[in-house]
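Listed below are the residues making up each chain.
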Amino acid sequence: MTPPVFLTESGDLDGDRMVLGGPEGRHAATVRRLAVGEVVHLADGAGTRARCEVVAVGKDTVTFAVHERTVEAPPAPRLVVVQALPKGDRGELAVEVMTEAGVDAVVPWAAERSITRWKADRAAKSLAKWRSAARSAAKQARRSRVPNVSEPVATRDVVELLSAASLGIVLHEEGAIRLSEVALPSAPTDATEIVTVVGPEGGFTDSELAAFDSAGAVRALLGPTVLRTSTAGVAALAVLQARCGRW
């Protein structure tokens with residue numbers, strides 16, 4: 001099994017020694033109960049990964065010797081999922097499983113038929129939960145990069161994302177083509193971006209679909225069954241990961 005991953009702040013891995021404190025250090029010391037001599041990976045969430053050895057354990061801190069440091073290139077193409085706001089805690093579930101499946105960015109979208117609405121204080125708290133879910137899932141998946149979870153956007157912003165993308169996909173049960181058959185960008189680089197839109201529980205409105213069509217997005221059928229909004233994104237990612245050669 002690969003060593004566990006703990007996340008640090010950018011720049012913390014520049015020296016030969018690193019002290020992990022705060023909530024992450026407390027978790028490593030008191031929950032994981034790391035012992036002197038154990039090897040772990042420390043990552044800054046932006047692609048830098050270091051192989052480290054525990055040299056001291058405090059009450060809520062762990063000191064590491066940094067033995068090897070690498071910077072992992074961003075995967076190509078970049079996979080972005082626009083996730084319509086689902087009800088309850090299904091948004092956090094969606095972010096968690098998509099992070100484990102390798103999503104590079106998640107964009108919360110206030111669709112017309114979204115039951116949940118992020119307003120005022122609730123927006124900040126909900127966004128914090130989504131970002132926390134991405135961070136925790138990235139550690140679980142041993143990722144060196146934590147996917148970006150953006151501020152919530154409106155439909156006009158989704159249209160802009162689709163227009164600028166190398167490929168825009170709208171998951172729709174009446175799509176004319178299967179996702180497994182959609183033509184993908186050739187010779188992808190880290191500048192190549194595939195944006196996939198997942199609709200809300202109530203489905204897309206006609207005006208939303210028309211706007212996405214005008215942005216050049218492809219309506220794609222994920223499969224013969226209708227998935228929940230919280231699971232459609234991870235299913236689509238699995239298809240795209242395999243087809244793009246990232247898996």
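Look up: the structure comes first, before these words.
Residues numbered from 1 in each chain as written. Predicted model: local features only at pLDDT ≥ 70, side-chain atom pairs only at ≥ 80, totals over all residues. Heavy atoms only, no water.

Draft legend 1. Local environment of the overall build of the protein chain. Of regular secondary structure, the protein chain possesses 6 helices and 12 strands. Relative to the compact-globule value of 18 Å for 247 residues, the protein chain shows a C-alpha radius of gyration of 20 Å, a close match. Overall, the protein chain is about 60 × 45 × 30 Å in size when its C-alpha atoms are taken along their principal axes. In the protein chain, which comprises 247 residues, the proportion classed as buried is 46%. Partitioning the contacts of the protein chain with sequence separation of at least 6, the portion at a separation of at least 24 is 73%. Positive and negative charge centroids in the protein chain, built from 29 and 30 side chains respectively, lie 5 Å apart. (Helix = DSSP H or I, 4+ residues; strand = E, 2+ residues; numbered from the N terminus. Rg over C-alpha atoms; globule rule 2.2 N^0.38 Å. Buried < 20%, exposed > 50% of the residue type's maximum accessible area, 1.4 Å probe, protein only. Contact = heavy atoms within 4.5 Å. Lys, Arg positive; Asp, Glu negative; His and termini not counted. Charge placed at Lys NZ, Arg CZ, Asp CG, Glu CD.)

Draft legend 2. How the structure looks around the packing of aromatic side chains. Taken as a whole and judged by the stated rule, the model has 4 aromatic pairs. Seen from their ring centres, Trp 118 and Trp 130 are 5.0 Å apart, and the 80° between their planes marks the pair as edge-to-face. Of the two residues, Trp 118 sits in the loop between β7 (105-109) and α3 (120-140) while Trp 130 sits in helix α3, which places them 12 residues apart along the sequence. Of the two residues, Trp 118 and Trp 130, neither departs from the other in class, the shared state being buried. Through a chain of ring-to-ring contacts, three or more aromatic side chains come together here, namely Trp 109, Phe 204 and Phe 212. (Phe/Tyr/Trp six-rings, centres within 6.5 Å; stacked < 30°, edge-to-face > 60°.)

Draft legend 3. Representation of the sheet that holds strand β12 (residues 218-221) in the model. The sheet built from 7 strands is open, its strands ordered β8-β7-β6-β11-β9-β12-β10 with parallel pairing. This sheet does not close on itself; its edge strands, each paired only once, are β8 (148-149) and β10 (177-178). Here 4 bridges tie strand β9 (residues 167-171) to strand β11 (residues 193-198), and the two strands are oriented parallel to one another. Looking at the pairing, Ile 169 lines up with Thr 196 of β11. On top of the sheet, helix α4 (residues 155-164) reaches β6 (78-84), β7, β9 and β11; it is set at about 145° to β11, its chief contact. (Pairing = 2+ DSSP bridges. Axes fitted to C-alpha atoms, helices over the stretch in contact; angles between N-to-C directions.)

Draft legend 4. Here's a closer look at the packing of helix α2 (residues 90-100) against helix α6 (residues 229-244). With their axes 8 Å apart at the nearest point, α2 and α6 run at an angle of 10° to one another. Between α2 and α6, the angle falls in the class roughly parallel. Residue-level contacts link Arg 90, Leu 93, Ala 94, Val 97 and Met 98 of α2 to Ser 230, Gly 233, Val 234 and Leu 237 of α6. Its residues placed into classes, the contact of α2 with α6 shows 6 nonpolar, 2 polar and 1 charged. (Parallel < 35°, antiparallel > 145°, perpendicular 65-115°, else oblique. Nonpolar A, V, L, I, M, F, W, Y, C, P; charged D, E, K, R; others polar.)

Draft legend 5. Fine view of the side chain of Ser 114. You can see Ser 114 is positioned in the loop between β7 and α3. Taking the relative accessible area as the measure of exposure, Ser 114 reaches 5% and is therefore buried. One polar contact links the side chain of Ser 114 to the main-chain carbonyl oxygen of Leu 85, over a distance of 3.5 Å. Aside from chain neighbours lying at most four places away, what touches Ser 114 is Ala 84, Leu 85, Trp 109 and Pro 200. (Polar contact = N/O pair within 3.5 Å; in protein donor to acceptor, adjacent residues only side chain to side chain.)

Draft legend 6. Looking closely at the nonpolar core. One finds Ile 169 and Leu 179 to be the most contacted residues of the largest nonpolar core, which totals 28 residues. For this core, the elements supplying multiple residues, two or more each, are β6, α2, α3, β9, β11 and α6. For this core, the element with the most residues is α3, which contributes 5 residues. Apart from the residues lying within four places of it in its own chain, the contact partners of Leu 179 are Ile 169, Leu 171, Ala 220, Leu 221, Leu 222, Ala 236, Val 239, Leu 240 and Arg 243. In terms of nonpolar packing, the next biggest core, distinct from the first, is built from 21 residues, Val 82, Val 153, Val 159 and Ala 165 among them. (Core = buried A, V, L, I, M, F, W, Y, C linked by side-chain atoms within 4.5 Å.)

Draft legend 7. Quick look at α6. Compared with the 22 Å implied by 1.5 Å per residue over 16 residues, the 23 Å span of α6 between its first and last C-alpha is a close match. Listed as buried for α6 are Thr 229, Ser 230, Ala 232, Gly 233, Ala 236, Leu 237, Leu 240 and Gln 241. Buried residues of α6, viewed axially, fall in a sector of 165°; they line one side. In the segment just after α6, Gly 245 is the residue with positive phi, at about 80°. (Expected span 1.5 Å × (residues − 1). Arc of directions from axis to C-beta.)

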